[in-house]
Every structure is written in structure tokens, then in C-alpha cells.
Amino acid sequence: MSVGTERLQRRMARGAAFLGSEVAIMAGAMSWVSERNLVSAMSNAGGFGVIACGAMSPELLDAEIAGTKALTERPFGVNLITMHPQLFELIAVCAKHRVGHVVLAGGLPPKGSLEAIKESGAKVVCFAPTLALAKKLIRSGVDALVIEGMEAGGHIGPVSTSVLAQEMLPDLAEQVPVFVAGGIGRGEAIAGYLDMGAAGVQLGTRFVCATECIAHPNFKKAFIRASARDATASVQIDPRLPVIPVRALKNAAGELFTAKQREVAQLLDEGALAMGEAQLQIEHYWAGALRRAVIDGDVEHGSVMAGQSVGMVTKEEPLADIIAALMAEAADALKARAA
């Protein structure tokens, strides 16, 4: 075993032990993309796959978990959105299947949700956009955190990955395993965050062009053609609609989203829509737009959500090869630092 490989294994040991995987690399949960095929392939390749529940009903999630279990015997997780109206039913489905890790995204977990997950014996992983929120989540009993920078695809926060890592890892890394996410496309970056105290990393964009991913060929071609600057964040046009920015490849869908916001804002003005319903309409827009691109292949009018690491996606290849390349790059970087 080379010096670099040995150092990499040592640095990933805590994260891998927590996940029950060979390497401490989580696959980001991407709606319509992170389903049974990609999730099982990720876990079978030694990483940690995560089902994106998104807007699924409990029945659909039940079938997806069962389908994933039929394709892998290795551990995988389920990502649940905290604002889902049937969150507790979804937690019950995870418990029924003895899912070992539940990842909560989209804001503070509602009262009783952490307890409901932990009651089943599952570990709880939460996203922490700020240091104050991270500390609050740790006090609440979460088992691990993901800190994700604005370079990521999909819904994003305002702070870059490198700044979040510098601010949060020194304070948090000894308390719970922390996984760094957002804009990671090569092993050298993984090595850097592990050196800073991360237990592991989470990547999404890098895995979209895996052979095992069911995304439409047009969706994958858009990724392969794109550069980092093509992955831009959506713009909020009305301060009353607190729209979380979404990072996606530039296309007509961005303009359509601006028009959708104007339409919803006008309905608010006219009193024809309540604020909660308005925000729900915005979320439903994204869910539909993403499906159009991922499943139907309409990459012009659908939402091609991608992180800024998209420029490092250059071909379609088996997921195991992507993991192997990332690990080799990380080991080489750590070997060079040891010299």
C-alpha cells in the first residue's frame, strides 16, 4: 500500500465507519436522478448511495427502497425534505425497511422528527448552512452534518464551500462527522477537506454521467458539454417570495422561472393566493421542470440542475471508475504532501 493510500484510508476511516461504506464519499440526493439504479451502483462501488425522496408519496418511497434493496446488500440512505407534508409517514417507511441513515434537507427538522428517526435505530444526518445552526442541530442530537457550499447544483445557500469548511470544521469536526459538499470534482479537493478535518465528502454532479444513472442521454450530453460558468444561480425577483436560489445550466427554463415568479407575485397582489400556496407553486415548478430535463430529455425548457464542478464531467463512465479515479487522485495528493 502506498503512503498516499494509507493516509487516505486513515483520514476516511471515521466517515466510512459512520456510513458503513468502504470510502467516505456520499452521493448527493438529486431528484429524479438518485433512484434505485444510481443509489445501488454507488453503494456497490464502495461509496454511499442516497435515495432522493423529494416529493414522493410514502407508497412510492416504499417501492423505491425495496427496489434498491433488491440491487444491493450494502448500506444506503434516504434523503427526506423537512417541509414534506407527510414527513412522519416517510420516516415510518424508512423505519419499516430498517434504513440505517436518514438525511434531512430543507430547513430545521420539525418537532419530533429527530426522535422518530432515532427510535428506529437510524442515524440522522442534517445539512447545516451556518455555524450557529450546526451547533443547534448537534445539541438536538443529530449524528452527522453535511456542509454544502453555493458551488453545488440544485438549491443552494450564499456561502462558498471553502469558506464554510474553514469556518465550521475547526469548531465541529471533533463533535460529529462532517461531510463537505459543493463544487467537488476531483480527488485533490477531497484530500484537502479531509486534511482540514472533514470525515468525508458528498458529490452529486460528478455522478450524473455514470453509466448506471438513468438520466436521459440529452441531460448527460448537456453536462459533458458544459463548463463551470454555464452553471448559474436563479434570481429572486420579488422579496415577498423567499425563493431559495437554484443552480442549473443556463437555458430557456431560467427565463420561464422568472416569468413564473412574476405570475405568482401578481396573484399575491390580487389576493388570489396565500403566501404558503405561492411558495408551494414555486417548488412544484422546479420539480416539474427537473423531471422534464432528467426523464424526458427536454434540456432547453426543463431544469438542468448542475453544480459548478460540471466542467470536470467529460464523459459517461461506470460509477466504480469515477470512484477509483477520485480515490487515486486523493491518494496521490496526500502522498505528495507527505514527501
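Everything that follows concerns the structure shown earlier in this document.
Just so you know, these numbers come straight off a predicted model, no measurement behind them. (Residues numbered from 1 in each chain as written. Predicted model: local features only at pLDDT ≥ 70, side-chain atom pairs only at ≥ 80, totals over all residues. Heavy atoms only, no water.)

**Student:** I would appreciate a short explanation of the overall build of the protein in the present structure.
**Tutor:** The helix and strand inventory of the protein stands at 12 helices and 11 strands. For a compact globule of 339 residues, the expected C-alpha radius of gyration is about 20 Å, and the protein comes in at 19 Å, within 12% of that figure. Its C-alpha atoms give the protein principal-axis dimensions of roughly 65 × 45 × 40 Å. Burial analysis of the protein (339 residues in total) assigns 52% to the buried set. When contacts within the protein are restricted to residue pairs at least 6 apart in sequence, long-range pairs at least 24 apart make up 64% of them. Working note: accessible area of the protein is about 14,500 Å², and carbon and sulfur atoms make up 55% of it. Taking the average place of the 31 positive charges on the side chains of the protein and the average place of its 35 negative ones, the gap between the two points comes to 4 Å. (Helix = DSSP H or I, 4+ residues; strand = E, 2+ residues; numbered from the N terminus. Rg over C-alpha atoms; globule rule 2.2 N^0.38 Å. Buried < 20%, exposed > 50% of the residue type's maximum accessible area, 1.4 Å probe, protein only. Contact = heavy atoms within 4.5 Å. Areas by Shrake-Rupley, 256 points an atom, 1.4 Å probe, with all protein chains shown as cover. Lys, Arg positive; Asp, Glu negative; His and termini not counted. Charge placed at Lys NZ, Arg CZ, Asp CG, Glu CD.)

**Student:** Would you explain the packing of helix α8 (residues 187–195) against helix α12 (residues 319–338) in this entry?
**Tutor:** At a minimum axis separation of 7 Å, α8 and α12 run at an interaxial angle of 55°. It follows that α8 is oblique to α12 by the angle criterion. Of the two elements, α8 crosses α12, and the hand of that crossing is right-handed. Side by side, α8 and α12 meet where Gly 187, Glu 188, Ile 190, Ala 191, Gly 192 and Asp 195 of the first sit next to Leu 326, Glu 329, Ala 330, Ala 333, Leu 334 and Arg 337 of the second. Among the residues forming the contact of α8 with α12, the class breakdown is 6 nonpolar, 2 polar and 4 charged. (Axes fitted to C-alpha atoms, helices over the stretch in contact; angles between N-to-C directions. Parallel < 35°, antiparallel > 145°, perpendicular 65-115°, else oblique. Left-handed = near helix turned anticlockwise from the far one by under 90°. Nonpolar A, V, L, I, M, F, W, Y, C, P; charged D, E, K, R; others polar.)

**Student:** Sorry if this is basic, but what is going on with the nonpolar core here?
**Tutor:** Of all hydrophobic cores here, the largest spans 113 residues; its most connected members are Ile 25, Leu 61, Leu 80, Leu 145 and Phe 207. Ranked by residue count, the leading element in this core is α12, at 9 residues. (Core = buried A, V, L, I, M, F, W, Y, C linked by side-chain atoms within 4.5 Å.)

**Student:** Looking at this structure, how should I read the pairing of strand β8 (residues 178–181)?
**Tutor:** For a regular strand, the rule is simple: side chains alternate between the two faces of the sheet. Burial along β8 is two-sided: the residues Val 178 and Val 180 and Phe 179 and Ala 181 are all buried. Here strand β6 (residues 144–148) runs beside β8; their pairing, made up of 4 bridges, is parallel. Across the sheet, the residue bridging to Ile 147 is Val 180, located in β8. For β8 and strand β9 (residues 200–203), the ladder comprises 3 bridges, and the chain directions are parallel. Residue pairing for β9: Phe 179 is matched across the bridge by Gly 200. Between β8 and its parallel partner β9, the chain crosses via α8, and the hand of that crossover is right-handed. (Pairing = 2+ DSSP bridges. Right-handed = clockwise from strand over helix to strand, strands pointing away.)

**Student:** I'm lost on the pattern of salt bridges in this one. Help?
**Tutor:** Two side chains carrying opposite charge are able to pair once their charged atoms lie near each other. In total, this model carries 13 salt bridges according to the counting rule given. Between Arg 10 and Glu 6 there is a salt bridge, and its shortest N-O distance comes to 2.5 Å. Placement of both Arg 10 and Glu 6 in helix α1 (residues 3–19) is noted, with a separation of 4 residues, approximately one turn of the helix. Taking the relative accessible area as the measure of exposure, Glu 6 reaches 33% and is therefore partly exposed. Here Lys 220 and Glu 316 are joined by a salt bridge, their closest N and O atoms 2.8 Å apart. With Lys 220 in helix α9 (residues 217–225) and Glu 316 in the loop between α11 (275–294) and α12, the pair connects residues that are 96 residues apart, well separated along the chain. Lys 220 gets classed as buried once you look at its relative accessible area, which sits at 5%. Under the relative-accessibility criterion, Glu 316 is labelled partly exposed at 44%. (Salt bridge = Lys/Arg side-chain N within 4 Å of Asp/Glu carboxyl O.)

**Student:** For this particular structure, what's the right way to read unusual backbone geometry?
**Tutor:** Excluding glycine, residues mostly have negative phi values, and the peptide bonds linking residues are mostly trans. The backbone phi angle of Trp 32 is positive, close to 70°, even though this residue is not glycine. On the secondary structure map, Trp 32 appears in the loop between β1 (25–27) and α2 (36–44). With a phi angle near 55°, Arg 98 is a residue other than glycine that sits in the positive phi range. Mapped onto the elements of the fold, Arg 98 is located in the loop between α4 (87–96) and β4 (101–105). The exposed category is assigned to Arg 98, whose relative accessible area is 69%.

**Student:** Hey, could you run me through the environment of Val 235 in this one?
**Tutor:** Secondary-structure assignment places Val 235 in the loop between β10 (231–233) and β11 (246–249). A sequence separation of 19 residues divides Val 235 from Gly 254, and the C-alpha atoms of the two residues are 8.6 Å apart. Discounting chain neighbours no more than four positions away, the residues touching Val 235 are Phe 257 and Gln 261.

**Student:** Is there a simple way to explain the packing of helix α3 (residues 58–69) against α4 in this structure?
**Tutor:** Helix-helix packing is characterised by the crossing angle of the two axes and by the distance between the axes. Contact pair α3 / α4: the axes reach a minimum separation of 9 Å and the direction vectors enclose 25°. The pairing of α3 with α4 is recorded here as roughly parallel in orientation. Relative to α4, the crossing made by α3 is right-handed. Two secondary-structure elements touch here, α3 through Pro 58, Leu 61, Asp 62 and Ile 65 and α4 through Glu 89, Leu 90, Val 93, Cys 94 and Lys 96. Split into classes, the residues belonging to the contact of α3 with α4 amount to 6 nonpolar, no polar and 3 charged.

So far we have only geometry, and geometry alone does not tell us how the molecule works.
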